[in-house]
Amino acid sequence: MEVICRGGGFVFKEAGYPKVDDVSWSIITFADGATVNLGICYALPAKYPTAGQSIRLEVIGTDGVMLFDEDHKENILYTEKGYPHAYVPDHNLPMVFLGSTSSGDWALDTMYGPIGDETRNWLDHLSTGRPCHLATAEDARQTLEVTIAMEESSRTGDAVRLPLGEGH
């Protein structure tokens, strides 16, 4: 597996996080030749109505295609009181695309969304033995190794080779 990444930006640096890129794009090539292009951008206007992130994903293959647009622009909340940002303390948005955070949304003192659902799934697994359909420790380790390779490639400008991908 080979990872190439480029990143940069100034929003996080101006906010006091000098080692964090606002924009990052990676190309990951697997041992079998499959290629993945990953991009992330947090350099949006301060009052842009995502309460965390905008997710768009395309999976294109010879047998099919999946296209995801997870901005949730169809679920809008506007409030004069402000809606709290998921990741930035004391930052409130007058308008927000509900469901635009990976953590989820609070409603009636309960967290709904991916992290709330994943946490409940894990607790059910621990307390009842119910199968857990979350990532395995091996999956998490591989994701971490690829993420670290992306950071290294962005920092050095060099491609990073990993022994992952054989059989994956």
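See the structure shown above.
Predicted model, so just to flag it, every value in this text is computed and none were measured. (Residues numbered from 1 in each chain as written. Predicted model: local features only at pLDDT ≥ 70, side-chain atom pairs only at ≥ 80, totals over all residues. Heavy atoms only, no water.)

Let's talk about the overall build of the protein
Piece 1. Scanning the protein from N- to C-terminus turns up three helices and 10 strands.
Piece 2. If you list the helices and strands of the protein from N to C, you get β-α-β-β-β-β-β-β-β-β-α-α-β.
Piece 3. For the C-alpha atoms alone, the extent of the protein along its principal axes is close to 50 × 45 × 35 Å.
Piece 4. Scored against the burial criterion, the 168 residues of the protein give a buried share of 24%.
Piece 5. Within the protein, contacts between residues at least 6 apart in sequence are counted, and of these 38% link residues at least 24 apart. (Helix = DSSP H or I, 4+ residues; strand = E, 2+ residues; numbered from the N terminus. Buried < 20%, exposed > 50% of the residue type's maximum accessible area, 1.4 Å probe, protein only. Contact = heavy atoms within 4.5 Å.)

Some details on the environment of I148
Piece 1. Considering the arrangement of structural elements, one finds I148 in helix α3 (residues 137-156).
Piece 2. Remark: the alpha-carbon pair of I148 and V59, spanning 89 residues in sequence, is separated by 23 Å.

Examining α3
Piece 1. Over its 20 residues, α3 runs 28 Å from end to end, which matches the ideal 28 Å to within 8%, given 1.5 Å per residue.
Piece 2. Within α3, the full set of buried residues consists of Q142, V146, A149, M150, S153 and S154. In an axial view of α3, the angular spread of the buried residues amounts to 130°, which keeps them on one side of the axis. The exposed residues of α3 that point more than 90 degrees off its buried face are A137, R141, E151 and R155.
Piece 3. On the buried face of α3, the contacting elements are β1 (2-8), β2 (23-29), β3 (35-41) and β10 (160-161). (Expected span 1.5 Å × (residues − 1). Arc of directions from axis to C-beta.)

Side note on the pattern of salt bridges
Piece 1. Tallied over the full model, the rule gives four salt bridges.
Piece 2. Of the charged contacts in the structure, one is a salt bridge between R130 and D124, with a shortest N-O distance of 2.9 Å.
Piece 3. The exposure class of D124 is partly exposed, given its relative accessible area of 30%.
Piece 4. With its nearest N and O atoms 2.7 Å apart, the salt bridge here joins R141 to E145. Here E145 and R141 lie together in helix α3, a separation of four residues that amounts to about one turn.
Piece 5. Given the relative accessible area of 53%, R141 is considered exposed. (Salt bridge = Lys/Arg side-chain N within 4 Å of Asp/Glu carboxyl O.)

Some remarks on the environment of E80
Piece 1. Inspection of the secondary structure assignment puts E80 in strand β6 (residues 76-84).
Piece 2. The spacing of E80 and L93 is 13 residues in sequence and 9.0 Å in space, taken between C-alpha atoms.
Piece 3. Within the structure, E80 has its side chain in polar contact with the side chain of Y78 (distance 3.2 Å). (Polar contact = N/O pair within 3.5 Å; in protein donor to acceptor, adjacent residues only side chain to side chain.)

Here's the deal with the packing of aromatic side chains
Centre distance and the angle of the planes are the two values used to describe a pair of aromatic rings.
Piece 1. Counting across every chain of the model gives one aromatic pair.
Piece 2. Between Y48 and F97 the ring centres are 6.1 Å apart and the planes differ by 90°, which places this aromatic pair in the edge-to-face class. Residue Y48 is located in the loop between β3 and β4 (56-61), and its partner F97 is located in strand β7 (residues 92-97); the two are separated by 49 residues in the primary sequence. (Phe/Tyr/Trp six-rings, centres within 6.5 Å; stacked < 30°, edge-to-face > 60°.)

Some remarks on the nonpolar core
A general feature of soluble globular proteins is that nonpolar side chains tend to end up buried together.
Piece 1. Counting residues in each nonpolar core, the largest one holds 10 residues, listed as M1, V3, C5, I28, V146, A149, M150, V160, L162 and L164.
Piece 2. When residues of this core are traced back to their parent elements, those giving at least two are β1 and α3.
Piece 3. No other element matches α3, which puts three residues into this core. (Core = buried A, V, L, I, M, F, W, Y, C linked by side-chain atoms within 4.5 Å.)

Side note on the sheet that holds β10
Piece 1. The antiparallel open sheet is built from four strands, whose spatial order is β3-β2-β1-β10. One side of each edge strand has no neighbouring strand; the edge strands of this open sheet are β3 and β10.
Piece 2. By the bridge criterion, two bridges tie β1 to β10 in an arrangement that is antiparallel. Each bridged residue has a counterpart across the sheet, and for V3 the counterpart in β10 is V160.
Piece 3. Sitting on the sheet, α3 touches β1, β2, β3 and β10, and the angle it makes with β1 is about 55°. (Pairing = 2+ DSSP bridges. Axes fitted to C-alpha atoms, helices over the stretch in contact; angles between N-to-C directions.)

The quantities given are spatial measurements derived from coordinates; they are silent on function.
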